[in-house]
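Below are the chains, spelled out letter by letter.
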Amino acid sequence: MVARSGDHPLLSPSIQTRSIPRRRWRIAFLLGLGVLVNYFDRVNLSVSQTALFATFGISSVTFGYLSSAYNLTYAACQLPIGVILDKFGVRLVGRISTFLWSIASFGAAISPSVGGLFAARFLLGVGEAPTFPANAKAIGRWFPSRERSFSTAIFDAAAKFASAVGVPLIGLLLLRIGWRWSFAATGLVSFLYFVLFSRVYRDPQDDTKLTDAERDYIEQTDTSVAAEVTRADGPPVSLWALLKQRKVIAMVLGFGSYNYVFYLLLTWLPGYLAIQLHMDLMHSFLYTGFPWLVATIADLVIGGWLADFLIQHGWNASRVRRTILIVGTACGLGILGAANPHNSLSALLWISLSIGGLSAASPVGWSVPSLIAPRSSVGSVGGIMNFSNQLSGIAAPILTGYIVQSLHSFAWAFGVSAIYLVIGVSAYIFLLGRIEPMFPERA
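This report concerns the structure included in the present document. (Residues numbered from 1 in each chain as written. Predicted model: local features only at pLDDT ≥ 70, side-chain atom pairs only at ≥ 80, totals over all residues. Heavy atoms only, no water.)

### Notes on the overall build of the protein chain
Here is the rule we go by: A helix here means a DSSP run of H or I that spans at least four residues, while a strand means a run of E at least two residues long, and both kinds are numbered starting from the N terminus. Here the globule rule reads 2.2 Å times residues to the power 0.38, and the radius of gyration is calculated from C-alpha atoms. When a residue's accessible area, from a 1.4 Å probe over protein chains only, is under 20% of the maximum for its type it is buried; when over 50% it is exposed; and in between it is partly exposed. Only the protein chains shown count as cover for residues, with accessible areas throughout obtained via the Shrake-Rupley method and a probe of 1.4 Å.
Scanning the protein chain from terminus to terminus reveals 18 helices and 0 strands. Compactness check: the protein chain gives a C-alpha radius of gyration of 21 Å against a globular reference of 22 Å for 443 residues, within 12% of the reference. C-alpha atoms of the protein chain, sized along the principal axes, occupy 70 × 40 × 40 Å. Going through the 443 residues of the protein chain one by one, you find that 60% of them count as buried. Total accessible area on the protein chain stands at roughly 16,700 Å², and carbon and sulfur atoms take up 69% of it.

### Considering the pattern of salt bridges
Operational definition: Basic side-chain nitrogens of Lys or Arg form a salt bridge, by our definition, when they fall within 4 Å of a carboxyl oxygen of Asp or Glu.
If you walk through the whole model with that rule in mind, you get 9 salt bridges. One salt bridge in this structure joins arginine 23 and aspartate 207, with 2.8 Å as the shortest N-O distance. With arginine 23 in the loop between α1 (13-18) and α2 (24-47) and aspartate 207 in the loop between α9 (179-200) and α10 (212-220), this residue pair connects regions lying 184 residues apart in the sequence. Assessed through its relative accessible area of 22%, arginine 23 is described here as partly exposed.

### Describing the environment of tryptophan 366
Stated precisely, the cut-off is as follows: Contacts: residue pairs with any heavy atoms within 4.5 Å of one another.
As for its position among the elements, tryptophan 366 is in helix α16 (residues 344-372). Spatially, the C-alpha atoms of tryptophan 366 and leucine 421 are 17 Å apart, while their sequence positions differ by 55 residues. Ignoring any residue separated from it by four or fewer positions in sequence, one finds tryptophan 366 in contact with Phe132, Pro133, Ala136, Thr152, Phe155, Asp156, Phe255, Gly382, Met385, Asn386 and Asn389.

### A word on the side chain of lysine 247
Formally: Residues counted as positive are Lys and Arg, residues counted as negative are Asp and Glu, and His and the chain ends are not counted. Whenever two N or O atoms come within 3.5 Å, that pair is a polar contact, provided that in protein one can donate a hydrogen and the other can accept it, and provided that, for residues adjacent in sequence, both atoms are side-chain atoms.
Within the element layout of this structure, lysine 247 appears in helix α13 (residues 246-275). Despite its burial, lysine 247 pairs with no opposite charge; the closest candidate is glutamate 436, at 4.8 Å N-O. Polar contacts involving the side chain of lysine 247 include one to the main-chain carbonyl oxygen of arginine 434, which spans 2.3 Å. Ignoring any residue separated from it by four or fewer positions in sequence, one finds lysine 247 in contact with Ile372, Leu431, Leu432, Gly433, Arg434, Glu436 and Met438.

### Considerations on helix α17 (residues 378-407)
Our working definition: For a helix, the expected span equals 1.5 Å multiplied by the number of residues minus one.
Taking 1.5 Å as the rise per residue, α17 with 30 residues should run 44 Å; its terminal C-alpha atoms sit 43 Å apart, in good agreement. Extensive coverage of α17 is indicated by the burial of 22 of its 30 residues. At the exit of α17 stands histidine 408, carrying a positive phi of roughly 55 degrees.

### Let's talk about a nonpolar patch on the surface
In plain terms, the rule: Surface patches are defined over residues having more than 30% relative accessible area and no salt bridge, joining like charges when they lie within 9 Å and nonpolar side chains (Val, Leu, Ile, Met, Phe, Trp, Tyr) when within 5 Å.
On the surface, a cluster of nonpolar side chains totalling about 570 Å² of accessible area is made up of Phe99, Ile103, Phe106, Leu188, Phe191, Leu192 and Val195. Elements represented by at least two residues in the nonpolar patch include exactly α5 (90-109) and α9. With 4 residues, the top contributor of residues to the nonpolar patch is α9. The topology assignment puts phenylalanine 191 in helix α9.

### So, the nonpolar core
In globular proteins that are soluble, nonpolar side chains generally tend to be buried together. Using the following cut-off: Residues belong to one nonpolar core when they are buried, are Ala, Val, Leu, Ile, Met, Phe, Trp, Tyr or Cys, and are joined through side-chain atoms within 4.5 Å.
Tyr39, Phe262, Leu265, Tyr272 and Trp292 are the most contacted members of the largest nonpolar core, which totals 118 residues. Here this core gets 16 residues from one element, more than from any other, and that element is α13. Those residues within four positions of leucine 265 in sequence are excluded, and the remaining contacts are Pro270, Trp292, Ile335, Ile351 and Ile355.

### Overview of the environment of alanine 338
Relative to the helices and strands, alanine 338 resides in the loop between α15 (317-331) and α16. The exposure class of alanine 338 is buried, given its relative accessible area of 0%. On a C-alpha basis, the gap between alanine 338 and asparagine 389 in space is 23 Å, while along the polypeptide they are 51 residues apart.

### Concerning the environment of tyrosine 402
For tyrosine 402, the position within the fold is in helix α17. Residue classification places tyrosine 402 among the partly exposed positions, given a relative accessible area of 40%. C-alpha separation for the pair tyrosine 402 and isoleucine 139, spaced 263 residues apart in sequence, amounts to 39 Å. Among all residues touching tyrosine 402, those that are not within four sequence positions of it are Val61 and Tyr65.

### Let's talk about the packing of α13 against α17
So the rule is basically this: Every axis in this analysis is a line fitted to C-alpha atoms, fitted for helices over the stretch in contact. Angles between the N-to-C directions lie between 0 and 180 degrees. Left-handed describes a crossing whose near helix is turned anticlockwise from the far helix through less than a right angle; right-handed describes the clockwise counterpart. Polar here means any residue outside two lists: the nonpolar Ala, Val, Leu, Ile, Met, Phe, Trp, Tyr, Cys and Pro, and the charged Asp, Glu, Lys and Arg; Gly therefore counts as polar.
It is at 7 Å that the axes of α13 and α17 come closest, and there the two elements cross at 35 degrees. Relative to α17, α13 is oriented so that their crossing is right-handed. Its residues assigned to classes, the contact of α13 with α17 shows 16 nonpolar, 10 polar and no charged.

### Quick word on the packing of α17 against helix α18 (residues 411-430)
We count it as follows: Small angles under 35 degrees read as roughly parallel and large ones over 145 as roughly antiparallel, with 65 to 115 read as roughly perpendicular and the rest as oblique.
Interhelical geometry of α17 versus α18 gives an angle of 150 degrees and a closest axis separation of 9 Å. One element, α17, and the other, α18, form an angle in the roughly antiparallel class. When the axes of α17 and α18 are compared, the crossing they make is right-handed. Within the contact between the two elements, α17 uses Ser388, Ser392, Thr400, Ile403 and Leu407 and α18 uses Trp412, Ala413, Val416 and Tyr420.

Listed below in structure tokens is the structure:
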């Protein structure tokens, strides 16, 4: 198979990519930096748990609701944000959202009451709502299908790396200058990213420095991409039609189960280490970083590099992606091992297996919208998936708060997450099928 007349021959991945400019990777790292910054905004609440208890006298249940406040508005925005992204594009929506989330962090820093903190977290959810659907849409525009796992892993791994480095760093900052200044610091970093995103991001057709060779490579690498290009024209598919698709339902359940565990650990891991394992505040901050570092590596190496490597070397693309989704999500059941740990090391190893496996599956999951949906509807499919994600993000902190307060243990909290993971794995096995376009008749 060859590209259009005058384009680069499609010989082998290694020969082809060596001669192609790599401006597209600039966009992948820009998106990764954005996720890193906005997860700093998210984790600073979990780091501030003890300080908020002291300042406002809140309970574990109230903290659970406060942790979920962000996800309430985030989830409410997901379905409309997908349609808005498909209509107005990544650049405009991204500029507005990055500005809003920086304002939200400053608002948290000056909150005089718990009500003010809730308002700031609600605004943060609105501001960050477009992030992952927009990133999925941008990767679909900037990368050929055989590079999408690793390019997606760059921004997806940043969510884990933010916890690996953010919890210890923000924790040290909090201990030295107080929780209000730690929120102000993340607000400043967020505003600087808003400036950077506004200056750098363009869609490929608007980037005057993108060479014809790289543009052709993005669009013409293989038959699946060629088919996708022909599917780019035409009106978006309705949300109702998308919601009836088995592949979309599979991603909703599978990704929802992943995000339940993700948010349980994102919001409660420092508290778990302090309550269940009786660690002091400093050690809980430091130990929290280890599972998230494992998650970052698994995300990049297995869900990103390995998936693309196997696909580029002739392995069946759908089979590779489905296998990583199923096996990675099944590894999430390792969280049961941390339900009644014998010691701190055992707990951290089980949690690392759980979040590491889920993180390996995550970039593959985020690459799916651009592989199954017409390009005009990628944002909508991403929004549907992320709506399910955020329902999980709402439920996990609240349910965990109730369980921990009533039972003084995390065992049942981890058990609930395991049940959801079994449902998610089953959806990937029985509903997803081949990862290929849902509407081939549009090609």
